[in-house]
Structures are given as structure tokens and as C-alpha cells.
Amino acid sequence: MTQSSTASVAKPLVVAISSRALFDLDESHRIYEQEGTEAYCQYQIANEDKPLPPGGAFNLVRKLLSLNDNNPKTPRVEIILLSRNSADTGLRVFNSIQYHNLRISRAVFTSGDSPYRYVSPFSANLFLSTSPEDVRMALDAGIAAATIFPSDVGNNTEFDELRIAFDGDAVLFSDESERIFKERGLEAFTQNEQKTARQPMTGGPFKDFLMALNRIQTEYPENSAPIRTALVTARSAPAHERVIRTLREWGIRIDEAIFLGGMAKGPFLKAFGADIFFDDQEQHCESAKAHVATGHVPHGIANTAQAEPPETKQQ
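Residues numbered from 1 in each chain as written. Predicted model: local features only at pLDDT ≥ 70, side-chain atom pairs only at ≥ 80, totals over all residues. Heavy atoms only, no water.

A. Quick peek at the overall build of the chain. Each helix and strand in the chain was counted, giving 13 helices and 10 strands. For 315 residues, the compact-globule formula gives about 20 Å, and the C-alpha radius of gyration of the chain, at 20 Å, lands near that figure. With respect to the three principal axes, the spread of C-alpha positions in the chain is 60 × 55 × 35 Å. The 315 residues of the chain split such that 49% are buried. For the chain, contacts bridging at least 24 residues in sequence account for 75% of all contacts bridging at least 6. Put simply, the chain shows about 14900 Å² of open surface, and 47% of that area lies on carbon and sulfur atoms. (Helix = DSSP H or I, 4+ residues; strand = E, 2+ residues; numbered from the N terminus. Rg over C-alpha atoms; globule rule 2.2 N^0.38 Å. Buried < 20%, exposed > 50% of the residue type's maximum accessible area, 1.4 Å probe, protein only. Contact = heavy atoms within 4.5 Å. Areas by Shrake-Rupley, 256 points an atom, 1.4 Å probe, with all protein chains shown as cover.)

Below, the structure is given as C-alpha cells:
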């Protein structure tokens, strides 16, 4: 391969995921918590040929991998499994990967230690886990990361497209505006957003991940990309303008933008058909998880403030 052809091969989007985010390991985890490590190991070995059911991020992974169907030699996406299992107990996880026909070949098994330290060496664009501690460490290292909430909504089969929805402040954008709201209230927040409407916001932890998705989208003709994105935010007019101008400045196309003015997000995410939704506030995640798979992004002032603001949030 020549140097010029090497340069033309785009780096794949890399998503690192824990085994509990990919598969439903609740029963196994219950045995671990109630009966200990040895009982857990015996249970996993005894059931290693019994496939694990899908977990909260399974449908996201399945649709991400489907982006490689027409490009097997130059994949657009790679999924890395990071697991606290040992290699021995992890055999059931790999058997389940094969059963569900997921093209995942790289994995790390850490025998109980946190696997987050391997996120960076794999150059992951996104890390998904059920461990809030691992997710926070990844975010602190500058990597987009989210804690997958348990959900019984099943897999989205209504749309063939991969559909990903994002909150705005503290997810796609920094929490600079959110801080004003928390510290000074809604009126100060609204005044600031009007005053700085033409001043782009700083990027948040998921900016680079959205940009990576956008690069894949641009490989396809308009309106035929296999990825569709949405911004679902509790902001409303006039705080919408700064959001739109920021995305324009970044050169990012967002397919749908939903400004809810404080309404519950769950029904709108269901209408969009999101395969996953990322939000920094647990209250919004609780609303969302009844309708779609949900990832909590423990980033920004909303995850450190001790007191609630005096007025309804307009993020």
C-alpha cells in the first residue's frame, strides 16, 4: 500500500463497551453480589454455552457494526469489549458475541479491575459502561463516556438507520451556560444566551464523537446516510439561537433539533426512534429510559451541585 493510499483510509470510529452494557448480566451480577466471586465463576462456566440476552447498548452496537456491511476491508466502526470478567468467565461473553453474530474480535478481561485504562490505548471515541466510576474516569481523561441505564424497552426495529440523540449543555456543549443557570437562575441564563447568541459555545465531552459520526454521514449522498442524529434539549427560544450557530460554526450537521422548553424528553425520544440518548442529568435519563436506551453523562455542574436552582430548568 502506498503512502497516499494509506492516508486516504479513514480511521474507524472506535467504541469501547463493557460486557454488562452489551449484554444483560443482571442475574450473573446478582449471584456475584449475594454469593461471591467463586459462585459467580462457577455459574458462568456452567452456563458458558447459554447465550446472554441483549443489554442496554446492544442495539446501538448492532447498528454500528452494520455500517461495515458494505466495507468489510475498510471498516467504518470497530467495537472493543472491555470486561471485568476473567478470561475464563469471559468465555461466555465471547460465545454470546458469536451467537448474536456481532463482529467483535478485540477484548480485554481484567479479572475485577477497572478496564477504563485501556480505553485510551485503543483510541476509543466513546466508552459505554454500567460502572459510573469507570465512566467518570474516562470523562476526566477527555473521552466521551456514559453510564448505560437499565431499560426494558427492547430493541428499536422500527428504523434501519442508526439513530442517536444528544442533550446539549454538558454533553455536546460545555456546561458554561448551565453554570449561569445553576448559580444565577433562569432569567440570567436567558439574558446571557441572548447576549452571546453569536458567540459559539465551547465543546463538551461528546463533541468529537458527534463529529466522528458526521464524517461517516458525509460519505453518503444527502438524505441517504445510515445514521440520523438529533439534539433533544430542554432549551427553548430565545436560547435556541446560540445552539444553532454553535453547530454551524463547528461544521456539524444535526438532522433533527427538538427544543422542549422543560417538557419531559422521553416521549419525544420515542417519536424520534432513538437507539440511544445521552444526557448529563439523571432526572432526564429516568424519563428517557422508559422509552429508549439511555446513557448518563456524569459531567458538568449538574453532577456536582448540591442544591436545585429556584426555577424550572431550561437546558
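B. Structural view of the domain arrangement of the chain. When its domains are assigned, the chain resolves into domain 1 (13-147) and domain 2 (162-296). Relative to domain 2, the C-alpha centre of domain 1 lies at a distance of 26 Å. Where domain 1 abuts domain 2, roughly 1500 Å² becomes buried across the two surfaces, and 69% of that area is made up of carbon and sulfur atoms. Three residues, Leu60, Leu67 and Arg76, lead the burial of domain 1 against domain 2; their summed loss comes to 33% of the area buried on that side. Taken together, the links from domain 1 to domain 2 amount to 2 salt bridges. In this structure, aspartate 275 engages lysine 63 in a salt bridge whose closest nitrogen and oxygen atoms are separated by 3.2 Å. Taken together, the links from domain 1 to domain 2 amount to 5 residue pairs in polar contact (both at pLDDT 80 or more). Taken together, the elements giving at least two residues each to the side of domain 1 that touches domain 2 come down to helix 5 (58-66), strand 4 (126-129) and strand 5 (144-148). Of the residues contributing to the side of domain 1 that touches domain 2, the split by class is 11 nonpolar, 4 polar and 2 charged. (Domains from an automatic or database assignment. Buried area = accessible area lost by both parts, 1.4 Å probe. Salt bridge = Lys/Arg side-chain N within 4 Å of Asp/Glu carboxyl O. Polar contact = N/O pair within 3.5 Å; in protein donor to acceptor, adjacent residues only side chain to side chain. Nonpolar A, V, L, I, M, F, W, Y, C, P; charged D, E, K, R; others polar.)

C. Seen up close, the sheet that holds strand 3 (residues 106-109). Reading across from one edge, 3-2-1-4-5-10-9-6-7-8 is the order of the 10 strands in this open sheet, with mixed pairing throughout. Only two strands of the sheet have a single partner each, and these edge strands are strand 3 and strand 8 (256-259). Ignoring which end each strand starts from, the neighbouring axes of this sheet average 25 degrees apart. Summarising the sheet, strand 4 and strand 5 pair through 4 bridges and their orientation is parallel. Directly across from serine 129, in strand 5, lies its bridge partner threonine 147. (Pairing = 2+ DSSP bridges. Axes fitted to C-alpha atoms, helices over the stretch in contact; angles between N-to-C directions.)

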